[in-house]
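Given next are the chains, with one letter for each unit.
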Amino acid sequence: MSGELDYIRENVRKLLQELPPGVELVAAAKQQTTEKILAAIEAGIKIIGENYVQEAVAAFQVIGRRVSWSFIGHLQKNKVKKAVEIFDMIETVDSVDLAEEINKRAAAQGKIMPVLIEVNSGREPQKFGVFPEKVEELARAIIQFPNLKLSGLMTMGPFEDNPEEARSYFRETKQLFDYLQNLNLPGADLRILSMGMTNSYRVAIEEGATRVRIGTKIFGPRV
Ligand SMILES: *Cc1c(COP(=O)(O)O)cnc(C)c1O
C-alpha cells in the first residue's frame, strides 16, 4: 500500500517538473480513495478534479479547502446545490438551463461561481458539451448571470489512441478561446483553457492548454 502511495507521489513530482510554467495540473480523482488523493496533494497537487458530486463530498469532508476543487463531470440539475457548496469551479457548463441553475444556487449561497464552457470539439452527438459554433451564444448568456464568472473553455476531444489525432480539435478549441477573448465580453475573465488528459496532455499544451486534467498518469490505471 505505501508503495502505491509512493508511486503516486513520484508521478506527481515528475509531472510538475515536466509542465511548463503557467500550465495548471488538475488531478482527475474519479474512483480514487481519499488516501491516494492525499498522497497526490502531499506531492504538490493544488487542484482536484471530480466527476461525481457524491465522491467529491466524501473526499471533501476529509481534505477540505487546503486544495481547490474543480468539477469536471456531467452535472445533473439535482446535484447543483451540493456542487456549488463544494466546488471552486465548474468546468462543464453546456446549457443555459444548467448555467441558470448554478447561478440560482450560487446566489442563494452568496457566491460567485467560476465556470468554463464545455466544448464538444469533436461534434460527437453522444457526448456532452456544446458544438463550437454554439459557444459564443452560450458565453453571451452566461455573462448575463450575476453569480457566474465565465473563466474559459474545457474540452475532452474525441478519444483517440494516437494523441496526434486530437491535435486539430485542441487547435480549434484554442482558436475559439482566442476569438472569445477578443470579444472582450463584459464581466468575463477568460484565462483557462482546460484540455488534455494522460494520453494527450503534451499535444494539448503545444496547442495552448493552460490547464491539463490527469488521472491515469498520477494514480495508475482505473479498474
Ligand atoms: C477521467 C478524466 C480525465 C483524466 O483521464 P486520464 O486519461 O485518466 O488522465 C480528464 N478529464 C475528465 C473529464 C475525466 O473524466
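Right, let's walk through the structure included here. Because the structure is a prediction, the values reported are computed rather than measured.

### So, the overall build of the protein
Reasoning step 1: Each helix and strand in the protein was counted, giving 9 helices and 8 strands.
Reasoning step 2: Over its C-alpha atoms the protein spans a radius of gyration of 17 Å, differing by no more than 12% from the 17 Å that the globule rule assigns to 223 residues.
Reasoning step 3: Each principal axis of the C-alpha distribution contributes one length, and for the protein these read about 50 × 40 × 35 Å.
Reasoning step 4: Burial statistics for the protein: of 223 residues in total, 52% are counted as buried.
Reasoning step 5: For the protein, the proportion of contacts with a sequence separation of at least 24, taken over those separated by at least 6, is 60%.
Reasoning step 6: Side chains of the protein carry 29 positive and 30 negative charges; the gap between the two charge centres is 5 Å.

### Re the packing of helix α2 (residues 34-42) against helix α3 (residues 53-63)
Reasoning step 1: Between α2 and α3, the least distance of the axes is 10 Å, while the angle of their chain directions is 55 degrees. By the angle class used here, α2 and α3 are oblique. Crossing hand, α2 versus α3: right-handed. In this structure, α2 uses Thr 34, Ile 37, Leu 38 and Ile 41 to contact α3, whose residues at the interface are Ala 58, Ala 59, Val 62 and Ile 63.
Reasoning step 2: Taken together, the residues of the contact of α2 with α3 sort by class into 7 nonpolar, 1 polar and no charged.

### Quick notes on the pattern of salt bridges
Reasoning step 1: Per the counting criterion, the structure on display carries 20 salt bridges.
Reasoning step 2: Lys 127 is the salt-bridge partner of Glu 124, the closest N and O atoms lying 3.0 Å from each other.
Reasoning step 3: Looking at Glu 124, the relative accessible area reads 16%, which means it is buried.
Reasoning step 4: Here the salt bridges share partners, and the residues they tie into one network are Glu 164, Arg 167, Arg 171, Glu 206 and Glu 207.

### Brief notes about the packing of aromatic side chains
Reasoning step 1: Under the criterion given, the structure shown has 2 aromatic pairs.
Reasoning step 2: Consider the rings of Phe 60 and Trp 69, whose centres lie 5.7 Å apart with planes at 75 degrees: the pair is edge-to-face.
Reasoning step 3: By relative accessible area, Phe 60 is classed as buried at 18%.
Reasoning step 4: With a relative accessible area of 0%, Trp 69 lands in the buried category.
Reasoning step 5: An angle of 75 degrees between the planes, with centres 5.2 Å apart, marks the rings of Phe 71 and Phe 87 as edge-to-face. With Phe 71 in strand β3 (residues 68-71) and Phe 87 in the loop between α4 (80-86) and β4 (89-93), the pair connects residues that are 16 residues apart, well separated along the chain.
Reasoning step 6: Classification of Phe 87 by relative accessible area gives buried; the value is 2%.

About the cut-offs
- Residues numbered from 1 in each chain as written.
- Predicted model: local features only at pLDDT ≥ 70, side-chain atom pairs only at ≥ 80, totals over all residues.
- Heavy atoms only, no water.
- Helix = DSSP H or I, 4+ residues; strand = E, 2+ residues; numbered from the N terminus.
- Rg over C-alpha atoms; globule rule 2.2 N^0.38 Å.
- Buried < 20%, exposed > 50% of the residue type's maximum accessible area, 1.4 Å probe, protein only.
- Contact = heavy atoms within 4.5 Å.
- Lys, Arg positive; Asp, Glu negative; His and termini not counted.
- Charge placed at Lys NZ, Arg CZ, Asp CG, Glu CD.
- Axes fitted to C-alpha atoms, helices over the stretch in contact; angles between N-to-C directions.
- Parallel < 35°, antiparallel > 145°, perpendicular 65-115°, else oblique.
- Left-handed = near helix turned anticlockwise from the far one by under 90°.
- Nonpolar A, V, L, I, M, F, W, Y, C, P; charged D, E, K, R; others polar.
- Salt bridge = Lys/Arg side-chain N within 4 Å of Asp/Glu carboxyl O.
- Phe/Tyr/Trp six-rings, centres within 6.5 Å; stacked < 30°, edge-to-face > 60°.

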